[in-house]
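Remarks on the overall topology
Each chain, letter by letter, is given below.
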Amino acid sequence: MWGEDADEFNPERFTKAREHLASFVPFGLGPRFCVGQNLAMAKAKVAVAMVVRRFAFEVSPSYVHAPMLFVTLLPQYGAQIIFKRKNV
């Protein structure tokens, strides 16, 4: 299944480009995916929440509301947001 040289140290086997869909996926794919994926994602969300809670957000006065239909509605000219650091 893994080849006749699966037990041998051969770093050159990784130099060829892989054509498989899951040849490089950070957490893996299928039944052998990373068991720490959920923990890593939860930690990332907590880290982002800790940074975001230190700021206040408001829409810029120069913002022009012009929704554009793509797959979902997107702001045609972007969303100009002003970040202000809170005194926490």
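Coordinates for the structure precede this section.
Below you will find a few notes about this structure. (Residues numbered from 1 in each chain as written. Predicted model: local features only at pLDDT ≥ 70, side-chain atom pairs only at ≥ 80, totals over all residues. Heavy atoms only, no water.)

So, about the overall build of the protein. Per the secondary structure count, the protein includes one helix and four strands. Along the protein, helices (α) and strands (β) appear in the sequence α-β-β-β-β when read from the amino end. The 88 residues of the protein split such that 2% are buried. Expressed as a percentage of contacts within the protein between residues at least 6 apart in sequence, the contacts between residues at least 24 apart total 36%. Summed over its atoms, the accessible surface of the protein is roughly 8600 Å², and 63% of this surface lies on carbon and sulfur atoms. (Helix = DSSP H or I, 4+ residues; strand = E, 2+ residues; numbered from the N terminus. Buried < 20%, exposed > 50% of the residue type's maximum accessible area, 1.4 Å probe, protein only. Contact = heavy atoms within 4.5 Å. Areas by Shrake-Rupley, 256 points an atom, 1.4 Å probe, with all protein chains shown as cover.)

Moving on, we get to the pattern of salt bridges. The final tally for this structure, using the stated rule, is one salt bridge. Taking the shortest distance from any N to any O, the salt bridge between Glu-58 and Lys-84 comes out at 3.6 Å. Here the residue Glu-58 occupies a position in strand 1 (residues 55-59), and Lys-84 occupies one in strand 4 (residues 81-85), the gap between them amounting to 26 residues. A residue is classified by how much of its surface remains accessible, and Lys-84, at 44% relative accessible area, is partly exposed. (Salt bridge = Lys/Arg side-chain N within 4 Å of Asp/Glu carboxyl O.)

Quick look at a nonpolar patch on the surface now. A contiguous nonpolar patch, built from Val-48, Val-52, Phe-57, Ile-81 and Phe-83 and spanning about 470 Å² of accessible area, is present on the exposed surface. Broken down by secondary-structure element, the contributors of at least two residues to the nonpolar patch are helix 1 (37-52) and strand 4. Take Phe-83: it is sitting in strand 4. Residue classification places Phe-83 among the exposed residues on the basis of a relative accessible area of 54%. (Patch = residues over 30% accessible without salt bridge, like charges linked within 9 Å, V, L, I, M, F, W, Y side chains within 5 Å.)

Any two aromatic rings considered together are summarised by their centre-to-centre distance and by the angle between their planes. The final tally for this structure, using the stated rule, is one aromatic pair. Sitting over the ring of Phe-55, Arg-85 keeps its end group 6.0 Å from the ring centre. (Phe/Tyr/Trp six-rings, centres within 6.5 Å; stacked < 30°, edge-to-face > 60°. Lys NZ or Arg CZ within 6 Å of the ring centre and 35° of its normal.)

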